[in-house]
Amino acid sequence: MAAVCVVSTAAVITASAATETFSYTIDCVALEDKEYILTTNHLGEVSDTFTNYPTIYDGKTTSTVQASVYYNNWTNRTPIKIVTLQKNNPSYPSVNYGTLPKGEQGHYFYVSAGGGFKDTITTRNRY
């Protein structure tokens, strides 16, 4: 059975002189689900922030997610960052990928342990 990971098609994009922000919903329903989100025209320091109280599937209380970003026409990738999402936790887990060049980016999320998850992620580029 193939695993399915869904992304909402609606994204909120805001910008200011120093920060560009994209928000989108990821819905990875099972272990080993993965998803890419394509964003464009970024430059500077890049981070992803998850919301508090994510939905965790499969009767689990946590979801371990491997996160990274592809850039430079998908030829380079940031080191994988591990994020543990917890059910009923008021924190806002965040991942900082460092400074990346301007251009398209593919934000990659892979469920490596625990249950699948549904959460809204906000990508920020500070420049």
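Details of the structure are given in the entry above.
Residues numbered from 1 in each chain as written. Predicted model: local features only at pLDDT ≥ 70, side-chain atom pairs only at ≥ 80, totals over all residues. Heavy atoms only, no water.

**Student:** Lay out the environment of Asn89 with the relevant residues and their values.
**Tutor:** Note that Asn89 resides in the loop between strand S8 (81-86) and strand S9 (94-114). A relative accessible area of 18% means that Asn89 is categorised as buried. Taking the C-alpha atoms as reference points, Asn89 and Pro54, 35 residues apart in sequence, are found 8.2 Å from one another. Leaving out residues up to four positions away in the same chain, Asn89 has contacts with Asn52 and Tyr53. (Helix = DSSP H or I, 4+ residues; strand = E, 2+ residues; numbered from the N terminus. Buried < 20%, exposed > 50% of the residue type's maximum accessible area, 1.4 Å probe, protein only. Contact = heavy atoms within 4.5 Å.)

**Student:** Can you tell me about unusual backbone geometry, naming the residues and giving the values?
**Tutor:** For Glu32, which is not glycine, the phi dihedral falls at a positive 75°. You can see Glu32 is positioned in the loop between strand S3 (19-28) and strand S4 (34-50). With phi around 60°, Asn88 is a residue other than glycine that occupies positive phi space. By the secondary structure assignment, Asn88 is in the loop between S8 and S9.

**Student:** Describe a nonpolar patch on the surface, and please don't skip the residues or the numbers.
**Tutor:** Together, Tyr36, Leu38 and Trp74 line one region of the surface with nonpolar side chains, adding up to about 300 Å² of accessible area. Position of Tyr36 relative to the elements: it lies in strand S4. (Patch = residues over 30% accessible without salt bridge, like charges linked within 9 Å, V, L, I, M, F, W, Y side chains within 5 Å. Areas by Shrake-Rupley, 256 points an atom, 1.4 Å probe, with all protein chains shown as cover. Salt bridge = Lys/Arg side-chain N within 4 Å of Asp/Glu carboxyl O.)

**Student:** How would you explain the pairing of strand S10 (residues 117-126) if you had to name every residue and give the values?
**Tutor:** Both S3 and S10 contribute to a ladder of 10 bridges, which runs antiparallel. Directly across from Thr19, in S10, lies its bridge partner Arg126. Note: S4 against S10, 6 bridges, orientation antiparallel. Residue Asp48 lies in a different strand from S10, and its bridge partner there is Thr123. Across 2 bridges, the pairing between strand S5 (residues 55-56) and S10 is antiparallel. Among the inter-strand pairings, Ile56 is bridged to a residue of S10, identified as Phe117. (Pairing = 2+ DSSP bridges.)

**Student:** Would you mind going over the packing of aromatic side chains in detail, with residue names and values included?
**Tutor:** Each aromatic ring pair is characterised by the separation of its centres together with the angle its planes make. Under the defined criterion, the tally for this structure stands at 7 aromatic pairs. Relative to Tyr108, the ring of Tyr36 has its centre 4.9 Å away and its plane inclined at 45°; by these criteria the two rings are tilted. Highlighted residues: Tyr36 in strand S4 and Tyr108 in strand S9, separated in sequence by 72 residues. Under the relative-accessibility criterion, Tyr36 is labelled partly exposed at 36%. By relative accessible area, Tyr108 is classed as buried at 9%. Ring centres 5.5 Å apart and planes at 20° place the aromatic pair Tyr70 and Trp74 in the stacked group. (Phe/Tyr/Trp six-rings, centres within 6.5 Å; stacked < 30°, edge-to-face > 60°.)

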